[in-house]
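What follows is the residue order along each chain.
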Amino acid sequence: MIDLAAKKNITVLAIESSCDETAAAVVVNARDVLSNVIASQIEVHRRFGGVVPEVASRNHTLALPGVVDRALSLSGLELSGIDAIAVTYGAGLLGALLTGVAYAKGLSYASGIPLVAVSHVKGHIAANYLAHPDLEFPYICVLASGGHSAIVNITDYDKLETLGSTLDDAAGEAFDKVARVLGLPYPGGPEIQRLAREGKPCIDFGRPLKNRAGFDFSFSGLKTAVINYTANNQKNGYSKADAAASFELAAASHLADNAVRAALAKGVRSIALSGGVGANIKLRELLTNACAPHGIKTYFLPLGLCTDNAAMIAAEAYFMIRKGKAFAGLELDAQASLKII
Ligand code: KG4
Ligand code: ZN
């Protein structure tokens, strides 16, 4: 077996296809992003109001060869310059994951380049190492995406402890479902953010889990409150912008509150935001304001590293290799419900 862990520079070609983005990236040492290509299927799924799994798989199959070729050519490298091929193997849509896993396995087998199986969620967290070279352990990561919501205490690249996770919907899922109720297109997060700017957060949709200790999340009650409110006020008319602003504030407060309480409970001085919902401006604002009195530093990602991408998968693979984690074999299978940590 090649001793990659001891190599000075490790160049990873990563492939990501867990949901509706087909992505490939070439990254050196989880630091230099030589290429980061994303083929989004948003337009394809928008007409259905959300991601259609079978359609996503088919589109990944069509897009993968071109996206990987483009990532390689933009990096200026040939396949021979790649040390490891990383691929997201879970969590996500099973068929979508399988397209990337099969492609990566084929490429690895044909080229003899070792394969690294990466957790999508850990990839979202590793995006922080790409963007924040100054981020020190320990830190709390608020992971808020379309599929996951969690508060994670991170003490080393491979030492992660989940302090809380969602009891029902993921944060992004709630944004997407509420957007649909308000007649906004998929994906709902950016649409709610845009509409919320035109409204006031004057509707009380309640505070999730307000009497419960710990750091878990619940978003389905908020979603139901919006559904009930819109149904009850359909006849009299109501302001969609106010509903969007009120939901956004409630959801973002829930995320920010848990994060700050977790940091204080653990005596941690840094909080990083990961995942698509981490792009939300209101959430960033609330978190910044809540952290300031406690001297807690906040770390926000550039938007392209919040939502799904393959550079974050390459970053996680790099630290797995450095930590001597085993390479994957051709028996690698996709795992739709891979546990968060
Ligand atoms: O991390 P991501 O790209 O995919 C998953 O792993 O799920 O997250 C996508 C989610 C979607 O639910 C989308 O509506 C949400 O992130 N999102 C946002 C914003 N941008 C994307 N939610 C709130 N505010 C945003 N600005
Ligand atoms: Zn994601």
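See above for the structure.
Residues numbered from 1 in each chain as written. Chains lettered and ligands numbered in written order. Predicted model: local features only at pLDDT ≥ 70, side-chain atom pairs only at ≥ 80, totals over all residues. Heavy atoms only, no water.

A. Molecular detail of the site of ligand 1. Near ligand 1 you find 21 residues, and of these Gly146, Asp176, Gly189, Gly276 and Asp308 are the closest. Within the backbone of Gly276, one N or O atom sits 3.0 Å away from an oxygen atom of ligand 1. In this structure, Asp308 approaches ligand 1 through a main-chain N or O atom, which is 3.0 Å from an oxygen atom. Elements supplying a minimum of two residues to the shell around ligand 1: helix 4 (120-131), helix 5 (171-181) and helix 6 (188-196). With four residues, helix 6 is the single largest residue contributor to the shell around ligand 1. (Near = heavy atom within 4 Å. Polar contact = N/O pair within 3.5 Å; in protein donor to acceptor, adjacent residues only side chain to side chain. Helix = DSSP H or I, 4+ residues; strand = E, 2+ residues; numbered from the N terminus.)

B. Molecular detail of the nonpolar core. Among the nonpolar cores identified, the biggest contains 45 residues, and Ile151, Phe247, Leu255 and Ile271 are the most heavily contacted of them. In terms of residue count, the dominant contributor to this core is helix 8 (residues 240-266) (14 residues). Contact partners of Ile151, with chain neighbours within four places excluded, come to Ile140, Cys141, Val142, Glu161, Thr162, Leu163, Gly164, Phe215, Phe217, Asn258, Ala259 and Ala262. In this structure, Ala126, Leu130, Ala310 and Tyr318 belong to the second largest nonpolar core, which totals 44 residues. (Core = buried A, V, L, I, M, F, W, Y, C linked by side-chain atoms within 4.5 Å. Buried < 20%, exposed > 50% of the residue type's maximum accessible area, 1.4 Å probe, protein only. Contact = heavy atoms within 4.5 Å.)

C. A look at the sheet that holds strand 8 (residues 159-165). Across the sheet, which stays open at both edges, the five strands sit in the order 8-7-6-9-10 with mixed pairing between neighbours. The strands lining the two open edges of the sheet, one partner per strand, are strand 8 and strand 10 (297-299). Averaged over all adjacent pairs, the angle separating strand axes in this sheet is 25°, with direction ignored. Judged from the six bridges that link them, strand 7 (residues 149-156) and strand 8 form a sheet pairing that is antiparallel. Bridge pairing links Ile151 to Gly164 in strand 8. Each of strand 6 (139-144), strand 7, strand 8 and strand 9 (270-274) touches helix 8; the most contacted strand, strand 6, lies at about 160° to it. (Pairing = 2+ DSSP bridges. Axes fitted to C-alpha atoms, helices over the stretch in contact; angles between N-to-C directions.)

D. Quick look at the coordination of the zinc ion (ligand 2). Surrounding the zinc ion (ligand 2) are the protein donor atoms His120 (NE2), His124 (NE2) and Asp308 (OD), which sit 2.0 to 2.1 Å from the metal. Relative to the metal, the four donor atoms surrounding the zinc ion (ligand 2) lie at angles of 97 to 131°, and the coordination shape comes out tetrahedral. Look at where the donors of the zinc ion (ligand 2) fall in the sequence and you get H-x3-H-x183-D. With His124 in helix 4 and Asp308 in the loop between helix 10 (303-306) and helix 11 (311-322), the pair connects residues that are 184 residues apart, well separated along the chain. Taken as a pair, His124 and Asp308 share a single burial class, namely buried. (Donors = N, O, S within 2.8 Å, 3.2 Å for Na, K, Ca; no water. Tetrahedral: all angles 85-135°; square planar, octahedral: opposite > 155°, others 65-115°.)

E. Looking closely at the sheet that holds strand 2 (residues 21-28). Here we have five strands laid out as an open sheet, ordered 3-2-1-4-5, and mixed in their pairing. The sheet is open, and its two borders are formed by strand 3 (32-40) and strand 5 (115-119), each paired with just one other strand. Looking at each pair of strands side by side, their axes are set apart by 20° on average, direction ignored. Of the strand pairs in this sheet, strand 1 (residues 11-16) and strand 4 (residues 84-90) are connected by four bridges, and their pairing is parallel. Note that in strand 4 the partner of Val12 across the bridge is Ala84. Sheet strands touched by helix 2 (residues 53-75): strand 1, strand 2 and strand 3. Its angle to strand 2, the strand with the most contacts, is close to 25°. This element, helix 11, spans strand 1, strand 2, strand 3, strand 4 and strand 5 of the sheet and lies at about 115° to strand 5.

F. The pattern of salt bridges, seen in detail. Applying the stated rule across the entire model yields 14 salt bridges. The salt bridge partner of Asp158 is Lys323, with a shortest N-O separation of 3.8 Å. On the criterion of sequence distance, the pair formed by Asp158 in the loop between strand 7 and strand 8 and Lys323 in the segment after helix 11 is long-range, its members being 165 residues apart. Owing to a relative accessible area of 32%, Asp158 belongs among the partly exposed residues under this scheme. Accessibility expressed as a relative area gives 36% for Lys323, which makes it partly exposed. Between Glu248 and Arg197 there is a salt bridge whose closest N-O contact spans 2.9 Å. Taken as a pair, Glu248 in helix 8 and Arg197 in the loop between helix 6 and helix 7 (220-233) lie far apart in primary sequence, 51 residues in all. Residue classification places Arg197 among the partly exposed positions, given a relative accessible area of 46%. (Salt bridge = Lys/Arg side-chain N within 4 Å of Asp/Glu carboxyl O.)

G. Region of interest: the pairing of strand 6. Of all six residues that make up strand 6, six are buried, and the element is covered over most of its length. Here strand 6 shows no split at all, with Tyr139, Cys141 and Leu143 on one side and Ile140, Val142 and Ala144 on the other all buried. Where strand 6 and strand 7 come together, six bridges link them in antiparallel fashion. Paired with Ile140 across the strands is Asn153, a residue of strand 7.

H. Examining the side chain of Thr230 more closely. Of note, Thr230 is situated in helix 7. Residue class for Thr230 comes out buried when judged on its relative accessible area of 4%. A distance of 2.8 Å separates the side chain of Thr230 from the backbone oxygen of Ile227, its partner in a polar contact.

That's the geometry; what it means functionally is another story.
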